[in-house]
Amino acid sequence: MLHITNSLTRTKEEFVPLTPGVVRMYVCGMTVYDLCHLGHARVFVVFDMATRWLRASGYRVEYVRNITDIDDKIIKRAQENNETPAALTARFIAAMHEDERALGVLPPDHEPRATAYVAQMLALIEQLIRGGLAYPAPNGDVYYSVRANAWRSIPTSATRWISCCGKPPSRANRRGSRRGGWGVRDGTSNARR
């Protein structure tokens, strides 16, 4: 029997998929502006183990791990190397796949790249702003607005993916703090419009 920590309730609960026998697992992947490091290897191995265990337990698993192939670090590194962001990311994606093979982990079922979903991300950001769930900063970034307990109000039925990034923000990182809001660069929790 599998128990996992529910980041909404902050308690360990028996894992019960929304669809019996089916697990849809989304994992935040690499930002490919350099070679992978030990932390990346941890992501590869941990979610490979989870996928294998779930499949061996009889679940049909759809494992998705994205690739962030455009962001400020990638653009800066490409400029430093006098190459295009696409050439830089292609090289590091190939190296990442080589590292995966060396570790003996299974590739994800789907590996969407951020550049293929920019229009959808912008539409979602606009929707969050209209709904009062995000706000634009003067520098062009958009920050997710985390009100006290607001994120606990998400209905369980709306949660469709196991995510490695479900940790709640600390009180110090909520809107109104000295940092101005909860935001992480690289397409995770804030983005440029």
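Quick note: structure is the one above.
Parameters and conventions
- Residues numbered from 1 in each chain as written.
- Predicted model: local features only at pLDDT ≥ 70, side-chain atom pairs only at ≥ 80, totals over all residues.
- Heavy atoms only, no water.
- Helix = DSSP H or I, 4+ residues; strand = E, 2+ residues; numbered from the N terminus.
- Expected span 1.5 Å × (residues − 1).
- Axes fitted to C-alpha atoms, helices over the stretch in contact; angles between N-to-C directions.
- Parallel < 35°, antiparallel > 145°, perpendicular 65-115°, else oblique.
- Left-handed = near helix turned anticlockwise from the far one by under 90°.
- Contact = heavy atoms within 4.5 Å.
- Nonpolar A, V, L, I, M, F, W, Y, C, P; charged D, E, K, R; others polar.
- Salt bridge = Lys/Arg side-chain N within 4 Å of Asp/Glu carboxyl O.
- Buried < 20%, exposed > 50% of the residue type's maximum accessible area, 1.4 Å probe, protein only.
- Core = buried A, V, L, I, M, F, W, Y, C linked by side-chain atoms within 4.5 Å.
- Pairing = 2+ DSSP bridges.

Asker: What is the right way to look at helix H4 (residues 118-130) in this model?
Answerer: Counting along an α-helix, one turn takes 3.6 residues, and residues three or four places apart therefore face a common direction. In a regular helix each residue adds 1.5 Å, so 13 residues correspond to 18 Å; H4 covers 18 Å between its end C-alpha atoms and thus fits that length. Looking one or two places after H4, you find Gly 132, whose phi comes out positive at around 75 degrees.

Asker: Any chance you could explain the packing of helix H1 (residues 38-56) against helix H3 (residues 85-103) here in plain terms?
Answerer: Each packed pair of helices is defined by two parameters, the angle between the axes and the distance between the axes. For the pair H1 and H3, interaxial distance at closest approach is 11 Å and the crossing angle is 55 degrees. Between H1 and H3, the interaxial angle falls into the category oblique. Classified by chirality, the crossing of H3 by H1 is right-handed. Where H1 approaches H3, its residues Ala 41, Phe 44 and Val 45 are matched on the opposing element by Met 96, Asp 99, Glu 100 and Leu 103.

Asker: Help me understand the packing of helix H2 (residues 72-81) against H3 in this model?
Answerer: Packing of H2 against H3 leaves a shortest axis separation of 8 Å and a crossing angle of 100 degrees. It follows from the interaxial angle that H2 and H3 lie roughly perpendicular. Contact residues: Ile 74, Arg 77, Ala 78 and Asn 81 in H2; Pro 85, Leu 88, Thr 89 and Arg 91 in H3. Partitioning the contact of H2 with H3 into residue classes produces 4 nonpolar, 2 polar and 2 charged.

Asker: Please explain the pattern of salt bridges as it appears in this structure.
Answerer: Working definition: two side chains of opposite charge can pair if their charged atoms are close together. In the structure shown here, the tally under the stated rule is 9 salt bridges. Taking the shortest distance from any N to any O, the salt bridge between Glu 100 and Arg 65 comes out at 2.5 Å. One end of the pair, Glu 100, is in helix H3; the other, Arg 65, is in strand E4 (residues 60-65), with 35 residues separating them in the sequence. The exposure class of Glu 100 is buried, given its relative accessible area of 4%.

Asker: How should I be thinking about the nonpolar core in this particular structure?
Answerer: If you look at soluble globular proteins, the nonpolar side chains tend to sit buried side by side. Of all hydrophobic cores here, the largest spans 20 residues; its most connected members are Val 32 and Met 96. Looking at this core, the elements that each hand over two or more residues are strand E3 (22-27), H1, E4, H2 and H3. Ignoring anything within four residues of it in the chain, the contact list for Val 32 reads Ile 67, Thr 68, Asp 69, Ile 74, Leu 88, Thr 89, Phe 92, Ile 93 and Met 96.

Asker: Looking at this structure, I do not really get the pairing of strand E6 (residues 141-144). What am I missing?
Answerer: Bridge count for strand E5 (residues 134-136) against E6 is 3 bridges, and the pairing is antiparallel. Its bridge partner lying in E6, Ala 134 is registered against Tyr 144. Once E5 ends, the chain turns through 4 residues before running back antiparallel as E6, passing Gly 140 with a positive phi of about 100 degrees.

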